Amino acid sequence: MSQLNPILVVDDESEMRLALSHALARNGYKVTTASCGFDALKKLRKQTYNMVITDVKMPDINGLEILKEIKKNTPQTKVVMITAYGTIESAVEAMKEGAFDFLLKPFSIQVLEKIIKRAVYPSMQAKLKTSLTSSKSSKWEIVSQNKTIKEILKRAKDIANSKSTVLIQGESGTGKELLARYIHENSNRRNHSFIAVNCAAIPEGLIESELFGYEKGAFTGAVSQHKGKFELAHNGTILLDEISELPFPLQAKLLRIIQEEEVDRIGGKMPVPIDIRAIATTNRDLAKVVIEKKFREDLYYRLNVIPIKFIPLRERKEDIPLLAEYFLKKLSLRNNKSISGISREAISILTSHSWRGNIRELENTIERAVLFCEGDTILPTHLDIDSIYDIKSVQNFPAGQTLLEMEKNLILKTLKEQNGNRTKAAKVMGISIRTLRNKLREYKSEGIQID
């Protein structure tokens, strides 16, 4: 379970404070601690917290005073009171002042976690919508709490109304088309067409007629006039997806269309004026493709007026739990399932995975888990992400090996590099510790010495 803001633990007993913070951190929560009431109030003035867990009896400012201060300044913050000297009167007083719950010491971390989920989960679901930063009327949502992504979205919003071309570069599955739609939805063109063209998917023999259109009789089979994608995007936005795959001979024609704002249909006598905003995406480093003489340099500079580089999911790991919960809600609804959450063990596996397929791979994984899950919680067994192949990790292995041999070499090499620490090795490879143990057991049965 993730949260948009951390939990503040307040207790003057260091052992209790450390025990609570360590237990909550192990369960996937971000925790801040305060050793006294003054320290707590100081931290509360600087940051907003989802929840405050505070002891009642403290020497300077007691828990009830902290509760009153919180309810005065940030009433949305949930407060759980804990004490070893509980009475019915003190519990009633705390609840009257707005405490979410009241716990008597000693208590189990499982009991506390149930309270946290009951308190924080509904507000997290509400915050999903406010953290999407896309317009309320748009279904194109971008879920993130990552600083870099937020900066990208701010930049995208700032340039949305301009006609300048945008070049979005990033790995496959990172959400480049989603960002392009976000720009369109926040622009003054939002009520006109958004036309997406996958330059890699259209056969080379058809791409010119699909993009630019043709007149009746222009070639055999042209029985009527056909408007191309650029004309269909008039007054709106055209997305040129995977622009690096556009055939070289057509790149000059594309350059002219963007510069002159007119399109020549195949077989046409006069150019057709158009008003479009062009956005291009690619999963390659387009500057390198230019150096390789596979992409026109003048077209590259014409497209690269506003460059945006979308970071991969492995560089925004704090978004993984948030995205997982978002997809869980969306896919549970789509598949008529009543799944309330994801276990902390499953979240840990998701967070440690390398996600070479990025957000698309994560969404597919959650969809599979939703379909496999028969209870109300996603467990590690539902994820089925035991793939350990990492292109960067295996690229130095010699050719001629079988996949099983490469797998074995990768596991043993990684384990050695991590000084035999299985937990760290599993995390580096993006697999569960259970999978690693099973593989090592196999290798031992083959007579391989495992330290």
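Everything below is about the structure shown above.
Notes on the structure follow. On a predicted model such as this, the values are computed, not experimentally measured, just so you know.

It is worth spelling out the sheet that holds strand β10 (residues 237–241) at this point. Read from one edge to the other, the open sheet built from 5 strands follows the order β7-β10-β13-β6-β14, with strand pairing classed as parallel. Every interior strand has two partners, whereas the edge strands, β7 (194–198) and β14 (306–309), have only one. Geometrically, the sheet is characterised by an average inter-axis angle of 15° between neighbouring strands, direction not taken into account. The pairing of β10 with strand β13 (residues 277–282) spans 4 bridges and is parallel. Bridge pairing in β13 places I238 opposite A278.

A separate point is the pattern of salt bridges. Summed over all chains, the structure comprises 18 salt bridges. For R256, the salt bridge goes to E262, with nearest N and O atoms at 2.8 Å. Since its relative accessible area comes to 36%, R256 is described here as partly exposed. Three or more residues are tied together by salt bridges with common partners; here these are K163, R189, E261 and D275.

It is a general feature of regular strands that their side chains alternate between the two faces of the sheet. Side chains of strand β1 (residues 7–10) alternate between two faces, with I7 and V9 and L8 and V10 buried alike. The sheet contact formed by β1 and strand β2 (residues 31–34) spans 4 bridges and is parallel. Across the sheet, residue I7 finds its bridge partner in β2, namely V31. Where β1 lies against strand β3 (residues 51–55), 4 bridges are found, and the strand directions are parallel. Following the sheet pairing, V10 is matched in β3 by T54.

All right, on to the packing of helix α13 (residues 319–334) against helix α14 (residues 344–352) then. How two helices sit against one another is set out by the angle between their axes and by the gap between those axes. Their axes nearest at 9 Å, the elements α13 and α14 cross at an angle of 120°. Of the possible angle classes, the one that applies to α13 and α14 is oblique. Read as a crossing pair, α13 and α14 show a hand that is right-handed. On α14, the residues that touch I320, P321 and A324 of α13 are I347, L350 and T351.

Our focus in this paragraph is the nonpolar core. Formed by 32 residues in total, the largest nonpolar core has its most connected members in F230, L240, I243 and F295. Considering each element in turn, this core owes the most residues, 5 residues, to helix α10 (residues 248–260). Apart from residues no more than four positions distant in its own chain, F230 is found in contact with L211, F212, I238, L240, L254, I257, I274 and I276. Listed in part, the 26 residues of the second largest apolar core include I347, I359, I366 and I378.

Reading across the sheet, the 5 strands line up as β2-β1-β3-β4-β5 and stay open at both edges, with parallel pairing between neighbours. The open sheet is flanked by β2 and β5 (101–104), the only strands paired with a single partner. Averaged over neighbouring strand pairs, the angle between their axes works out to 20° when direction is ignored. Where β3 and strand β4 (residues 78–83) come together, 5 bridges link them in parallel fashion. When the bridges of β4 are listed, I53 appears paired with V80. Lying over the sheet, helix α2 (residues 37–46) contacts β1, β2 and β3, oriented at roughly 135° with respect to β2. In this fold helix α3 (residues 63–73) packs onto β1, β3 and β4, with an angle of close to 175° to the strand it touches most, β4.

Reading guide: rules and limits
Residues numbered from 1 in each chain as written. Predicted model: local features only at pLDDT ≥ 70, side-chain atom pairs only at ≥ 80, totals over all residues. Heavy atoms only, no water. Pairing = 2+ DSSP bridges. Helix = DSSP H or I, 4+ residues; strand = E, 2+ residues; numbered from the N terminus. Axes fitted to C-alpha atoms, helices over the stretch in contact; angles between N-to-C directions. Salt bridge = Lys/Arg side-chain N within 4 Å of Asp/Glu carboxyl O. Buried < 20%, exposed > 50% of the residue type's maximum accessible area, 1.4 Å probe, protein only. Parallel < 35°, antiparallel > 145°, perpendicular 65-115°, else oblique. Left-handed = near helix turned anticlockwise from the far one by under 90°. Contact = heavy atoms within 4.5 Å. Core = buried A, V, L, I, M, F, W, Y, C linked by side-chain atoms within 4.5 Å.

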